[in-house]
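# Summary of the model geometry
What follows is each chain in one-letter form.
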Amino acid sequence: MIHDSNDLTMEAEEEIEVKEKQDSVSSSVIGDGDASDEEESAPLQDTAVIEKEEVKKRTFPPPGSGQRIYEIDSLLMRYREHLDYRFGQYKKMREAIDKYEGGLEAFSRGYEKFGFTRSADGITYREWAPGAKWAALIGDFNNWNPNADVMTRNEFGVWEIFLPNNADGSPAIPHGSRVKIRMDTPSGLKDSIPAWIKFSVQAPGEIPYDGIYYDPPDEMKYVFKHPGPKRPNSLRIYESHVGMSSTEPVINTYANFRDEVLPRIKRLGYNAVQIMAIQEHSYYASFGYHVTNFFAPSSRFGTPDDLKSLIDKAHELDLLVLMDIVHSHASNNVLDGLNMFDGTDSHYFHSGSQGYHWMWDSRLFNYGSWEVLRYLLSNARWWLEEYRFDGFRFDGVTSMMYTHHGLQVGFTGNYNEYFGFATDVDAVVYLMLANDLIHGLFPEAITIGEDVSGMPTFCIPVQDGGVGFDYRLHMAIADKWIEILKKRDEDWRMGEIIDTLTNRRWLEKCVAYAESHDQALVGDKTIAFWLMDKDMYDFMALDRPSTPVIDRGIALHKMIRLTTMGLGGEGYLNFMGNEFGHPEWIDFPREGNGFSYDKCRRRFDLGDADYLKYRGLQEFDKTMQHVEEAYGFMTSEHRYISRKDEGDRIIVFERGNLVFVFNFHWNNSYTDYRVGCLKPGKYEIVLNSDDALFGGYTRIEPSAEFFTFEGWYDDRPRSFLVYAPSRTAVVYALAEAEQLPVKDSAES
């Protein structure tokens, strides 16, 4: 559904009423049937049962007025008709869910009714497939006989079958056996993996995946031992991919990632790990973005219980685990995905061109469909409740929010670009409901949205009229660094860097990054490769002569990352391996490279090697993370940029009790360089990019002390003198004994 600010018509009102009446499948269809409908989950460990029951008891606050956005941003008043309509659609959907489903809490437990559910008496399988004319459950358990277990259909297109236990009390479908649903559809007879399947595997030598009935006995189920960490003030994310996390050219496993990579992340000082490609995807080279089975963790890396063990270990290490969740589109695979599931192209997706993403070659969800909402909201809850993820990075949100999907559109910041005919209000309402659900049931959970458009209200709470994300990815920063790296050093502009890093909306938090997995993919370049290119192959050994290219690259690599972390947002993200300037690029095995895994791995051994210059970059990144942990500068309320000198190529800014000094000049070093500051006292060096440990030249005395002078300088009431060598970044901290509360009348 596409709605403009002037589109609040009687027809739209009537459409919502019809949707409420016609689309309410579950409560009247499967909620209050006979005794066989009252399934209970198989007995689990008491702690897990208790925690799930506690979640069910949590209540959602009423929708609110949705009016505070106009207090936060007065420019939104011009678009009030559109925004009030958007919030009205959200409220109507909340009210309809309350009326027909008993609320978001019950609505989001679709996995307890659809797919396979087990009770003491047997297994029930249900599937929403209104386009099918006939359906049967087939699999190893019945020798794939389509006549053995024919399903029945109700008036809403929900197919169902109950399989009683065997005579010995064992389930009719053994754990680990293959299952599919065979349907007679408008497109012909087809076998599909159940839409709510919890596990699927690819048999050796075969292309399509097989659905797996995954229900291990209690003694085989992983039992969580550690609670998740509390949400940190500063979010430092290590973006990762399990499959390519080995130093060897192989597909890595959940178990190996748990035992080898998680301790590394902890040592490096990050407090969160974001894992990509969790949802099952039949095409490995899609990086996990062409999802085929939304409720199934990828079997390439191990079993569902292996993934649970990984997450539990992360929690033991006090690491948050964020999932890269894909609700923006789906694989167009027909054999093992949702596409044409019931033989129609409008089942889970929009029909025709509206339901097809031409650049991604994938299908686009119909967020105005009641059952699509149930499916996606239940999916988000499933990963938080069953696997105990601590939150999500929602992929491709820009594509969701606009009917043009952000393709061939240059967002300028004009509000007309956000609130008009191109806005998909149904998709925005879904995101509001998803954030409502996540934050209502899991108050500590974190949501991050990947939006390149800069949509206003994106990170404002839903009850205030916003979309409800906790953070947005500050995607413009990485693009700006690449743009700058293509220029000569003489053409770098300090003001341009500062403007990009600080250009974000008031009260909306951002996760900043200099580069992510996007820049590491084949066809693009990492920052290290932009800086040093082919010289990385021959001149990264400490016992060999360096080159000007390497010296420049190592210095700027550190400065770029610290500048980004210091000013770019309230969170920071790094893709695994880039902390030490991982050479080359990521290239998944494919026909074009001889199906090689050589470029589909992470050479952590390079960052650990004490005879290579990669080690210095890794040590700098590690220290940078630990300094942030100690001082919390990313979320400090005090931020003041006192200098962005285009002649000297100097940037100076304050965060909390820290003063950051960057000298981007390629040649000039400055003695007794005066730096403005707010607080009086003694300052000490806590991070110096020129330290020998970080591959620097030790031009700054690490134990030096710096005392402030009274008197205004750079609009600061005090200052101190420093030595600022070329291409260095130094962080000065007010000594603890000197930290006194001082109010800054000039602070902005």
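How each quantity is defined
- What you see as residue numbers is a count from 1 along each chain, following the sequence as written.
- Side-chain atom pairs in this predicted model are given and counted only at pLDDT of 80 or more, local residue features only at pLDDT of at least 70, and totals for whole chains, interfaces and linings cover all residues.
- The side-chain numbers reported here are obtained from all heavy atoms of the structure, hydrogens and water having been left aside.
- In this description a helix means any DSSP run of H or I spanning at least four residues, a strand means any run of E spanning at least two, and both kinds are numbered starting from the N terminus.
- Throughout, radius of gyration means the C-alpha value; the globule benchmark is 2.2 Å times the number of residues raised to the power 0.38.
- Each residue's exposure class comes from its accessible area (1.4 Å probe, protein chains only) as a fraction of the maximum for that residue type: buried when under 20%, exposed when over 50%, partly exposed otherwise.
- For the area figures, the Shrake-Rupley method with a 1.4 Å probe applies, and any residue is considered shielded solely by the protein chains shown.
- Neither His nor the chain termini are counted; the positive set is Lys and Arg, and the negative set is Asp and Glu.
- Think of each charge as sitting on NZ of Lys, CZ of Arg, CG of Asp or CD of Glu.
- Classification of ring pairs uses Phe, Tyr and Trp, with its six-membered ring standing for Trp, and accepts pairs whose centres are within 6.5 Å; under 30 degrees between planes counts as stacked, over 60 as edge-to-face, and the remaining range as tilted.
- At least two DSSP bridges between two strands are required for those strands to pair.
- The convention used is that axes are lines fitted to C-alpha atoms, helices contributing only their stretch in contact, and that angles between N-to-C directions extend from 0 to 180 degrees.
- Note on contacts: a residue pair qualifies if any of its non-hydrogen atoms lie within 4.5 Å across the two residues.
- By this rule, a helix spans an expected 1.5 Å times one less than how many residues it contains.
- Polar contacts, as used here, are pairs of N or O atoms within 3.5 Å; protein pairs need one atom able to donate a hydrogen and one able to accept it. Residues neighboring in sequence count only if both atoms are side-chain atoms.
- Throughout, nonpolar core names a set of buried Ala, Val, Leu, Ile, Met, Phe, Trp, Tyr and Cys residues whose side chains join them through atoms within 4.5 Å.
- Each residue carries a pLDDT score, the predictor's confidence in it, ranging from 0 to 100.
- For classification purposes, angles smaller than 35 degrees are called roughly parallel, those larger than 145 roughly antiparallel, those between 65 and 115 roughly perpendicular, and all remaining angles oblique.
- Crossing handedness follows the turn of the near helix against the far one: under a right angle anticlockwise gives a left-handed crossing, and clockwise gives a right-handed one.
- In the scheme used here, Gly and all other residues not listed as nonpolar or charged are polar, with Ala, Val, Leu, Ile, Met, Phe, Trp, Tyr, Cys and Pro taken as nonpolar and Asp, Glu, Lys and Arg as charged.

## Description of the overall build of the protein
- If you tally the helices and strands in the protein, you get 18 helices and 31 strands.
- Over its C-alpha trace the protein gives a radius of gyration of 28 Å, about what one expects of a compact globule, namely 27 Å for 748 residues.
- Reported as C-alpha extents along the three principal axes, the dimensions of the protein are approximately 85 × 60 × 50 Å.
- The buried share of the protein, reckoned over its 748 residues, is 60%.
- About 28500 Å² of surface is accessible on the protein, with carbon and sulfur atoms providing 50% of the total.
- One way to put it: in the protein the 78 positive side-chain charges average out to a point 3 Å from where the 118 negative ones average out.

## Regarding the packing of aromatic side chains
- Tallied over the entire structure, the rule returns 54 aromatic pairs.
- Considering the side-chain rings of F633 and F660, the 5.2 Å spacing of their centres and the 75° angle between planes classify their relative orientation as edge-to-face. Here the residue F633 occupies a position in the loop between α18 (614-631) and β23 (639-645), and F660 occupies one in strand β25 (residues 658-663), the gap between them amounting to 27 residues. F660 shares its class with F633; the two are buried.

## Focus on the sheet that holds β23
- Spatial strand order, β23-β24-β25-β31-β27-β28: six strands in an open sheet with antiparallel pairing. Edge positions in the open sheet fall to β23 and β28 (705-707), since each of these has one partner strand only. For this sheet, the mean inter-axis angle between neighbouring strands, taken without regard to orientation, is 25°.
- Examined bridge by bridge, strand β27 (residues 682-688) and strand β31 (residues 728-734) share five bridges and lie antiparallel to one another. By the bridge assignment, Y683 is partnered in β31 with L734.
- Together, β23, β24 (650-655), β25, β27 and β31 form the strand contacts of helix α16 (residues 548-567), whose direction differs from that of β25 by roughly 145°.

## Quick notes on helix α11 (residues 425-441)
- Compared with an ideal rise of 1.5 Å per residue, which puts 17 residues at 24 Å, α11 spans 24 Å between its outermost C-alpha atoms and is within 8% of the ideal.
- Burial within α11 is extensive, with 16 of its 17 residues counted as buried.
- For α11, the side-chain oxygen to backbone nitrogen distance between the N-cap and D426 is 3.2 Å, and the N-cap itself is D424.

## Some thoughts on the nonpolar core
- Formed by 183 residues in total, the largest nonpolar core has its most connected members in Y348, F365, W383, F389, F394, Y430 and W492.
- For F394, the contacting residues outside a window of four places in its chain are I325, H327, Y430, L431, A434, I438, T447, I448, G449, E450 and F469.
- Counting residues in each nonpolar core, the second largest holds 18 residues, with I650, Y670, I685 and Y732 among its members.

## Looking at the sheet that holds strand β30 (residues 716-724)
- Pairing in this open sheet of three strands is antiparallel, and the strands run β26-β30-β29 from one edge to the other. Every other strand in the sheet has two partners, leaving β26 (670-677) and β29 (709-713) as the edge strands with one partner each. Across the sheet, the mean angle separating the axes of adjacent strands is 55° when strand polarity is ignored.

## What to know about the environment of V467
- With respect to the helices and strands, the residue V467 is situated in the loop between β19 (446-449) and β20 (471-474).
- For V467, a relative accessible area of 0% puts it in the buried group.
- Between the C-alpha atoms of V467 and L433, which are 34 residues apart in sequence, the distance is 8.7 Å.

## Focus on the side chain of H347
- Within the fold, H347 resides in the loop between β15 (330-331) and β16 (356-357).
- Here H347 falls in the buried class, since its relative accessible area comes to 4%.
- Polar side-chain contacts of H347 include one of 2.9 Å to the backbone oxygen of W128.
- Non-local contacts of H347, meaning those with residues more than four positions away in its chain, are made with W128, A129, P130, F341, D342 and V372.

## Some thoughts on the confidence of the model for the protein
- Residues with a pLDDT of 70 or more make up 91% of the protein, whose mean pLDDT is 91.
- Counted against residues more than four places away or in other chains, residues 1-44, with its pLDDT under 50, gives 90 contacts.
- Low pLDDT (under 50) marks residues 742-748, which in the prediction has 20 contacts with non-local residues, meaning those over four places away or in another chain.

## What about the packing of α16 against α18?
- As a packed pair, α16 and α18 sit with axes 10 Å apart at the nearest point and diverge in direction by 20°. One element, α16, and the other, α18, form an angle in the roughly parallel class. α18 is crossed by α16, and the crossing has right-handed handedness. Every residue of α18 that contacts α16 at I554, H557, K558, R561, L562 and M565 is listed here: L617, F620, D621, M624, Q625 and E628.
- A per-class count over the contact of α16 with α18 returns six nonpolar, two polar and four charged.

## What to know about the packing of helix α13 (residues 494-502) against α16
- Viewed as axis vectors pointing N to C, α13 and α16 meet at an angle of 45°, and their least axial separation amounts to 9 Å. Classified by the angle their axes make, α13 and α16 are oblique. At the point where α13 passes α16, the crossing takes the right-handed sense. The residues of α16 that touch α13, namely those facing I497, I498, L501 and T502, are T563, T564 and L567.
- Class assignment of the residues belonging to the contact of α13 with α16 gives a composition of four nonpolar, three polar and no charged.

## Things to note about the environment of F87
- Relative to the helices and strands, F87 resides in helix α5 (residues 80-101).
- Put simply, F87 and G64 are 23 residues apart on the chain and 9.7 Å apart in space, counted from C-alpha to C-alpha.
- When near neighbours in sequence (up to four residues on either side) are disregarded, F87 contacts P63, G64, S65, G66, M432, V462, Q463 and G465.

## Let's talk about the environment of F595
- Within the element layout of this structure, F595 appears in the loop between β22 (571-575) and α17 (604-608).
- Those residues in contact with F595, other than ones at most four positions away along the chain, are P589 and R590.

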